[in-house]
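Listed below, chain by chain, are the residues.
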Amino acid sequence: MNEAILFHEEGSKQFKMTFRYINPVLNVDRQFNFQRQVDESINYFIQRIYKNIHTYLIKTIYKKRKKHNEIIQINDNEIKFIKNHSILNGDLTCKSILENSADIKLVIFDTEYVLKQNVPYILKIELPMSILVGFPIYPSKFEGININKVNSIFTWYKKENEKWIHVGEGFFYFPTISDVGCQLKISCIPKNNMEYGPPVEIISNNIVQIGPGLCPFDIRHVFTKNKLCNKKVTSYNILANIYSETSVSKDTLYPYCPHYALSMDYRKLLILKELIGYNSDIICLQEVDAKIYKNDLQVLLTTLNYNSVYNLKNDLREGLAIFYNEEKFDKLSHNYSVISQDINNLNEFNTVWSQIQNVNTKETFLNRNTIIQLIVLRSKENNEILIVGNTHLYFRLKADHIRLLQAYYGLLYLHTFSKKIKKENPECNVSILYCGDFNSTPQSAVYQLMTQNYVNDDHSDWISDPQEHVQNISIKHDLNLASACGIPEYTNYTATFSGCLDYIFYQTDYLAVEQVIPMPSKQELSIYEGLPSIVSPSDHIALCVDLKWLK
C-alpha cells in the first residue's frame, strides 16, 4: 500500500507532506517532500505537486533519451485528492484535507496513496562507516517524528551470495565472524505507543571487517557482567575527535598509533562497547564531541534505559556528558557553570578571588572555558539523593594553581547546590560525587584539597608558574571526600606521560566503596607503546567503581 504522510501541529499555519513516487518504466524511485500553507487552495497544492514531479521526470526522460535514443512520454493523467470516490473541490483549502485525512486518498497519475497524519516517521538514518566483528553497529544519526525507539522494530540482515539473510533483531547488532566481507542492512518500522509508520531500510556502505581482537576493557568486563544492587559509577575522558585527528596528535602526541585507530569512526565503536560492558548506573564523560554525543552516545545508550545531560565547553565543539540509569534514578534537576564567567555567583569563592593580587593569574583563569556540570538524581529505592558533578580542568603543565582554583570553585558549586537540595528535601540524605579529569596527580594541591580539606598558602602549587605566583591564599572546605578508586598508578598512559589524573571523589558520610574494577596492567598498556591504540580508544583509562549507601 502506498502512503502519503502528513505532518501538522494543531494551530500551525503550515503543514508538511511526504511520499515516495515509483515509476518502473523510467526507473524512478524518489521521495518528494512538501511544506505548504494550511489556507492555500487544493488546486494550488496539486499544481505544486505536479510541477515538482514533472520537472524531475523531464530530467529523467532527457537522460534516457540521450543514452538510449528512446521516445518516452509522461502519462499526463491528473493529480487529484479523492474522498468517497469523488474528486475534492479544488477551491477548498488544504485545511479540509487535514481535517478529513483518514477518508481521503491522493492519486498521482495512476498511483493511489492512502493519507496518514502525524504517524511515526523516520527523517534520517545512517549506519557507521566502520563495521567490526564483536563491536556494536547501530543506526546513527537516527532522527524522526513521533517515534518511540523502544517500541520500534529493528531487523538486521547480511548480504551473502546476493541474498539478504536475517541475522538479528534490536536497535544494535554485534557482527560475528561469519559476517566478515558482507554488507549489512537494517530495516526499521517506526512505532510509538499507538501507531506505526512506513518502514525504512538502509544498507551499509562498507563491509564487515575483522576487529582488533581482545581489548583491555574486555578483561575488565569480567568484573562488570552483572548489574549489582549497588551503584556502579564510571568516569572517562574519551579523547575528543577534534583533538585526536590533528596533525599534532598524529605526528607528535600519538605517532605510535595507526591513523585509522585515531579516527572517531573507529574509536567510537570501541568506546561504546566499553561503556555498554561496564553496566554502570552513572557515567561521567569528558571530551565528548557534540556530534558524537548526539549521533552515537545518546542514540545508542537511550535504548539501554539511559538518560543524559550534555554541556559544551563554552565555544568549543566538545564538552561534558552525564548518563544515568532511569531504572535506578529520577532526575530532579541539572545545571552547569562556566567557571570563569560565574565567579560572582559564589560568595565564598569570590572572597578568595578578591584576595588574589597577581593580574596574570586572574587573566589566565578568566580566559579558560572550563565548565562543571551537575545532575541531581533521586534513588528509586530509598530516600537518597546524589549530586553528581563532572568536570575537566585546565591542562597546561605549569597551571597547578589554576587547576586548584577551578577545583575549589567546583567543590563550592556542588556544596552550595547540595545545601539547596537538602533544604527542599529534608527527609533525604544528600551526598556528592565529584568526577572528572582533574589533570592533577596525587601529589598535587588539588588532590590534597579534595582528601584533606585544605591547602595552605605555602603550597608549592601556588607558584607552579612564577609569572602567576598566588600569594597569601589558603583555602579549605568541610566536605568528607575520598577517592573511590584510590590512587591508580595510571589513568593516562602515553609515550611522553603516564600517571594518575582522573578521579571519582565520593562523600564518605553516606557512601562506601564496594568494589573497584581493576585497572589494566602496565604490561597490557605498553603492548602498543601507549594509548590510544588499536585496542584502547582513548589516551585515558576509564575509572569504574561500585558504591553502596551507608544508611
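Residues numbered from 1 in each chain as written. Predicted model: local features only at pLDDT ≥ 70, side-chain atom pairs only at ≥ 80, totals over all residues. Heavy atoms only, no water.

Remarks on the environment of Leu 531
Inspection of the secondary structure puts Leu 531 in the loop between helix H13 (522-526) and strand S29 (543-549). Separated by 277 residues in the primary sequence, Leu 531 and Tyr 254 have C-alpha atoms spaced 7.6 Å apart. Other than its neighbours up to four places away in sequence, Leu 531 contacts Tyr 254, Tyr 256, Tyr 493, Thr 494, Leu 525, Ser 536, Ser 538, Asp 539, His 540 and Ile 541. (Helix = DSSP H or I, 4+ residues; strand = E, 2+ residues; numbered from the N terminus. Contact = heavy atoms within 4.5 Å.)

What about the pattern of salt bridges?
Counted according to the given criterion, the structure contains 26 salt bridges. Among the ionic pairs, Glu 112 bridges to Lys 105, the shortest N-O distance being 3.3 Å. Looking at Lys 105, the relative accessible area reads 36%, which means it is partly exposed. Residue Lys 158 is joined to Glu 160 by a salt bridge in which the shortest nitrogen-to-oxygen separation is 3.5 Å. One network of salt bridges, in which partners are shared, links Lys 158, Glu 160 and Asp 179. (Salt bridge = Lys/Arg side-chain N within 4 Å of Asp/Glu carboxyl O. Buried < 20%, exposed > 50% of the residue type's maximum accessible area, 1.4 Å probe, protein only.)

What to know about the UniProt feature "domain: Endonuclease/exonuclease/phosphatase" (unreviewed entry) in the protein chain
The positions UniProt marks with the feature "domain: Endonuclease/exonuclease/phosphatase" (unreviewed entry) are residues 236-540. When the span residues 236-540 is considered, its composition is 32% helix and 28% strand, and the gap between its end C-alpha atoms is 7 Å. (UniProt positions renumbered as here; feature names shortened; annotations may be inferred.)

Remarks on the layout of surface pockets
Taken as a whole, the largest pocket holds about 1,100 Å³ of empty space. For the lining of the largest pocket, the secondary structure elements donating two or more residues are helix H4 (241-244), helix H5 (247-253) and helix H11 (400-424). Tallied by class, the residues present in the lining of the largest pocket amount to twelve nonpolar, 15 polar and ten charged. (1 Å grid on protein atoms, 1.4 Å probe; cavity = no way out; pocket = protein on both sides within 12 Å on 5 of 7 lines; lining within 4 Å. Points joined across faces, edges and corners; volume = space filled by probe spheres on them. Nonpolar A, V, L, I, M, F, W, Y, C, P; charged D, E, K, R; others polar.)

Some points on helix H7 (residues 264-278)
Here H7 is 15 residues long and its end C-alpha atoms lie 20 Å apart, about the 21 Å a rise of 1.5 Å per residue gives. H7 sits mainly inside the fold: 14 of its 15 residues count as buried. Backbone nitrogen of Asp 265 and a side-chain oxygen of the N-cap are separated by 3.2 Å at the start of H7; the cap is Ser 263. Directly after H7, the chain includes Asn 279, whose backbone phi takes a positive value near 55°. (Expected span 1.5 Å × (residues − 1). Polar contact = N/O pair within 3.5 Å; in protein donor to acceptor, adjacent residues only side chain to side chain.)

What to know about the sheet that holds strand S21 (residues 429-437)
If you walk across this open sheet you meet the six strands as S18-S19-S20-S21-S27-S24, and the pairing is mixed. Since the sheet does not close on itself, it has two edges, and those belong to strand S18 (329-338) and strand S24 (481-483), each with one partner. Taking each pair of neighbouring strands and ignoring which way they run, the sheet shows an average axis angle of 20°. Sheet topology places S18 next to strand S19 (residues 371-379); nine bridges connect them, and they run antiparallel. Bridging from a neighbouring strand, Asn 335 pairs with Leu 374 of S19. Strands S18, S19, strand S20 (384-392), S21 and S24 of the sheet are contacted by H11, whose axis makes an angle of about 155° with S21. (Pairing = 2+ DSSP bridges. Axes fitted to C-alpha atoms, helices over the stretch in contact; angles between N-to-C directions.)

Quick look at the sheet that holds strand S13 (residues 200-203)
Ordered by their spatial adjacency, four strands build an open sheet running S11-S10-S12-S13, and the pairing between neighbours is antiparallel. For this open sheet the edge positions go to strand S11 (163-169) and S13, each flanked by a neighbour on one side alone. Direction aside, the axes of adjacent strands within the sheet are offset by 25° on average. Of the strand pairs in this sheet, strand S12 (residues 184-189) and S13 are connected by four bridges, and their pairing is antiparallel. Residue Cys 188 lies in a different strand from S13, and its bridge partner there is Val 200.

A closer look at the packing of H11 against helix H12 (residues 445-452)
Orientation of H11 relative to H12, taken along the N-to-C sense of each, is 25°, at an axis distance of 9 Å. Regarding the angle of H11 to H12, the classification is roughly parallel. Where H11 crosses over H12, the handedness of that crossing is right-handed. For the pair formed by H11 and H12, the contact residues are Arg 403, Leu 404, Ala 407, Tyr 408 and Leu 411 on the first element and Ala 445, Val 446, Leu 449 and Met 450 on the second. Partitioned by chemical class, the residues of the contact of H11 with H12 number eight nonpolar, no polar and one charged. (Parallel < 35°, antiparallel > 145°, perpendicular 65-115°, else oblique. Left-handed = near helix turned anticlockwise from the far one by under 90°.)

Some details on the UniProt feature "domain: 2',5'-phosphodiesterase 12-like N-terminal" (unreviewed entry) in the protein chain
As recorded in UniProt, the sites labelled "domain: 2',5'-phosphodiesterase 12-like N-terminal" (unreviewed entry) are residues 120-207. The distance from the first to the last C-alpha atom of residues 120-207 is 30 Å, and the span holds 0% helix and 42% strand.

Points about the side chain of His 401
The topology assignment puts His 401 in helix H11. His 401 sits in the buried class, given a relative accessible area of 0%. Side-chain polar atoms of His 401 contact the side chain of Ser 464, separated by 2.8 Å.

Things to note about empty space enclosed by the protein
In total, this model carries one cavity of 30 Å³ or more according to the counting rule given. Here the largest cavity defines a volume of roughly 100 Å³. Together, 16 residues line the largest cavity, and Tyr 236, Glu 274, Ser 536, His 540 and Ile 541 are the ones closest to its centre. If you list the elements that add at least two residues to the lining of the largest cavity, you get helix H3 (216-220) and H7.

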